[in-house]
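Chain by chain, the residues:
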Amino acid sequence: MRSAPLAARDDAVPVTLQSVLRRSMRIRRWPFRFFAICLAIQLSGCADSQPARALRIASASTSMTLCTAAFVSGFSPQRAFDMEVAPAPGMRWLAWAVRYEVDREHQAVRSWVGGGFESRAVHRPGLGCALAPGAIPDGSWSSAEDDWKSPDPFPELAAKEVKSAESAPLRAAIDAAFVEDEGRLRNTLAVLVLHKGHLVGERYAADVGPTTPLPGHSLSKSFVHALIGVLSREGTIDPTAPVDVPAWRSPEDQRRAITANELLAMSSGLPWDEYRGGFDPSTRLWFDEPDPYAYAVRMPLAERPGTHWAYSNLGYTVLSRIVRDQAGGSAPRTAAWIQREFLGPLHMRRTEVTFDATGTPMGANGVVASARDWARFGLLYLHDGTIGERRLLPAGWVEHARSPTLDAGYGRGFWLNNTHTPHPLPGHWGMPDAPDDAYFARGYLGQFVVVVPSAELVVVRLGISYRPGGDIASVGRLVRDCVTALAGRS
């Protein structure tokens with residue numbers, strides 16, 4: 001016999017979030033317990049409760065990840081779910097309850113958890129995937145062949161063939177990055193090595209190639225450092241001056257003194273925002289706020305600007321809005337400016353910058369690019385911001401990137417190989433085994449662009465690794481072994 005709905009039963013006790021949660025804890029089987037929790041949250045109307053927010057974020061992050069995989073990288077959504085979504089620490093106990101649909105005609109992904117908490121991500125060509133809780137965000141953008149009219153500064157990186165390492169030691173170093181051993185999977189997708197400006201070796205996973213765009217995650221912050229540098233070279237902004245944020249203009253507001261340099265260095269005084277998965281400000285910023293910039297500028301200071309280092313996606317969201325405002329004020333205009341002033345001169349043809357639904361670049365985590373495009377990016381920094389005779393970044397901007405902030409092993413947009421400075425979280429600031437002068441862009445799940453000036457070396461490693469630090473220890477060994485293998489090469 002079918003039971004009456006809970007709310008209609010004559011003998012039902014009053015339903016509260018606390019009462020259903022208490023009952024759910026007495027249910028021994030996780031599936032029933034999980035659905036009891038979901039029901040409790042929905043019946044209680046606690047849309048802003050911590051559990052409700054975590055489930056919305058689980059749904060939204062699934063939609064965004066699968067949208068990027070399917071419509072930017074060209075991967076199977078199920079592959080992306082199994083490799084990237086399901087193993088995430090916050091998803092392990094509820095991934096079985098997540099469902100999704102892929103609409104290839106409209107380039108959209110819809111996800112939900114336990115029958116609720118629905119989200120949708122939509123891909124706009126040239127502008128990446130955006131969460132679209134309501135209407136689909138307008139706009140798309142595409143480059144024209146005229147955008148690539150300048151000579152390719154790195155023609156070797158335009159070759160169709162995969163470059164196998166010629167020397168056995170270098171080949172062994174690259175191959176070792178793909179070896180799986182005990183513990184969590186390494187899931188290396190791409191390794192590329194440049195020495196003295198030349199491509200000397202690369203390798204890719206079975207479903208990846210030289211032109212496959214891969215999520216850079218926080219490599220995007222280094223990309224934003226470059227864009228702010230371009231604006232500085234153009235004279236559009238002064239990185240040492242306070243940024244103009246309308247919400248911070250009150251004379252009593254200490255945030256009005258924050259400079260672009262402090263935002264880049266993560267010493268703005270904004271709070272540490274990445275620490276508890278679905279319950280921290282960064283995941284709320286990306287997956288649960290209709291306007292991430294508006295959320296970022298509402299955040300109060302945790303410290304006086306310029307006095308403390310704290311990891312800050314909030315700060316890079318503010319910087320991304322500054323880029324947008326200075327580059328034209330809309331997503332298509334900003335994308336065109338990025339293409340004209342940065343991607344085009346470097347011939348980064350397989351790069352897509354993600355814009356949120358408001359038209360602001362997601363500069364904290366939203367750049368998707370091939371390993372060869374990230375290699376071009378690394379060469380720009382190895383060559384002090386120049387390509388051939390053209391200066392793309394202002395003089396001193398690369399030194400600006402690799403100069404320590406306060407007592408941290410972080411510069412501006414890049415991590416430094418300072419392994420002796422205590423880190424506020426477990427591990428090291430730097431990259432064990434790599435040379436002391438190495439500095440690197442670093443992203444979630446093991447994305448690395450490592451620059452070693454003393455060895456004239458750039459190493460790119462991209463993957464989906466849930467090992468500690470994105471498997472930073474093995475990337476350090478990769479860099480060390482590449483340096484050794486290439487020693488003495490002219």
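Just so it is clear, the structure is predicted and the values come from calculations on it, not from any experiment. (Residues numbered from 1 in each chain as written. Predicted model: local features only at pLDDT ≥ 70, side-chain atom pairs only at ≥ 80, totals over all residues. Heavy atoms only, no water.)

Visitor: Mind laying out empty space enclosed by the protein, listing which residues take part and the relevant values?
Guide: Following the criterion strictly, the structure yields four cavities of 30 Å³ or more and no others. The calculated volume of the largest cavity comes to roughly 70 Å³. Taken together, L285, W286, P292, T317, D356, P361, M362, G363, A364 and N365 make up the full set of residues lining the largest cavity. Space inside the second largest cavity adds up to approximately 60 Å³. Around the second largest cavity, the lining residues are F223, V224, L227, S320, V323, I338, V353, P361, G363 and V367. In terms of residue count, the dominant contributor to the lining of the second largest cavity is helix α6 (residues 219-234) (three residues). Residues that form the lining of the second largest cavity fall into these classes: eight nonpolar, two polar and no charged. (1 Å grid on protein atoms, 1.4 Å probe; cavity = no way out; pocket = protein on both sides within 12 Å on 5 of 7 lines; lining within 4 Å. Points joined across faces, edges and corners; volume = space filled by probe spheres on them. Helix = DSSP H or I, 4+ residues; strand = E, 2+ residues; numbered from the N terminus. Nonpolar A, V, L, I, M, F, W, Y, C, P; charged D, E, K, R; others polar.)

Visitor: Quick rundown of the layout of surface pockets? Include the residues and the values.
Guide: Estimates place the volume of the second largest pocket at around 450 Å³. A60, L131, P133, F287 and D288 are, among the 22 residues lining the second largest pocket, the residues nearest its centre. For the lining of the second largest pocket, the residue count by class is 14 nonpolar, two polar and six charged.

Visitor: I'd like a description of the pairing of strand β1 (residues 98-103), backed by residues and values.
Guide: Summarising the sheet, β1 and strand β2 (residues 108-113) pair through six bridges and their orientation is antiparallel. Bridge pairing in β2 links V102 to V109. Connecting β1 to the next strand, β2, in antiparallel fashion are four residues, including Q107 with a positive phi near 50 degrees. (Pairing = 2+ DSSP bridges.)

Visitor: Now, about the nonpolar core: what can you tell me, with residues and values included?
Guide: Formed by 144 residues in total, the largest nonpolar core has its most connected members in V193, F223, F342, Y381 and V450. Residue contributions to this core peak at eleven residues, all from helix α3 (residues 50-73). When sequence neighbours within four positions are dropped, the list of residues in contact with V193 reads L170, I174, H198, L199, V200, G201, L457, V458, V459, C482 and L486. (Core = buried A, V, L, I, M, F, W, Y, C linked by side-chain atoms within 4.5 Å. Buried < 20%, exposed > 50% of the residue type's maximum accessible area, 1.4 Å probe, protein only. Contact = heavy atoms within 4.5 Å.)

Visitor: How would you summarise unusual backbone geometry if you had to cite specific residues and measurements?
Guide: Of note in this structure, D433 is not a glycine but carries a positive phi near 85 degrees. Structurally, D433 is set in the loop between β12 (415-416) and β13 (439-443). On the basis of relative accessibility, which here comes to 41%, the residue D433 falls in the partly exposed class.

Visitor: Hey, could you go over the packing of aromatic side chains for me, with residue numbers and the actual values?
Guide: Scanning all chains against the criterion turns up 20 aromatic pairs. Judged by centre distance (4.6 Å) and plane angle (50 degrees), the ring pair of Y381 and F414 falls under tilted. With a gap of 33 residues between them, Y381 in helix α12 (residues 371-382) and F414 in the loop between α13 (397-401) and β12 connect regions that are remote in the sequence. Grouped by ring-pair contacts, the aromatic residues F223, F342, W374, F377, Y381, F414 and Y439 constitute a single cluster. For R79, the ring lying beneath its charged end belongs to F75, and the centroid distance is 3.8 Å. A cation over a ring is seen here: R442 above W415, with NZ or CZ 5.5 Å from the ring centre. (Phe/Tyr/Trp six-rings, centres within 6.5 Å; stacked < 30°, edge-to-face > 60°. Lys NZ or Arg CZ within 6 Å of the ring centre and 35° of its normal.)

Visitor: Go over the side chain of S111 with me, naming the residues and quoting the values.
Guide: Mapped onto the elements, S111 comes out in strand β2. Leaving out residues up to four positions away in the same chain, S111 has contacts with S59, T62, S63, R99, Y100, F117, E118 and S119.

Visitor: How would you sum up the sheet that holds strand β8 (residues 351-353)? Please name residues and give values.
Guide: Here three strands make up an open sheet; going across it, the order is β7-β9-β8 and the pairing antiparallel. Edge strands, defined here as strands with exactly one partner in the open sheet, are β7 (214-215) and β8. The pairing of β7 with strand β9 (residues 367-369) spans two bridges and is antiparallel. Residue L214 lies in a different strand from β9, and its bridge partner there is A369.

Visitor: Which residues make up the confidence of the model for the protein, and what values do they have?
Guide: Per-residue pLDDT for the protein averages 88, and the proportion of residues at 70 or more is 88%. This model gives residues 1-28 a pLDDT under 50, and the stretch forms 26 contacts once residues within four places in sequence are excluded. (pLDDT = per-residue confidence, 0-100.)

Visitor: Provide a residue-level description of the pairing of strand β5 (residues 188-195), including the pertinent values.
Guide: Looking along a regular strand, one sees side chains alternate from face to face of the sheet. With eight of eight residues buried, β5 lies mostly within the body of the structure. The pairing of β5 with strand β15 (residues 457-463) spans seven bridges and is classified as antiparallel. What sits directly across from H195, in β15, is L457. Strand direction decides the pairing type here: β5 and strand β6 (residues 198-204), joined by six bridges, are antiparallel. Within the sheet, the bridge partner assigned to H195 lies in β6 and is H198. The hairpin turn running from β5 into β6, its antiparallel successor, is two residues long, and K196 in that turn takes a positive phi close to 55 degrees.

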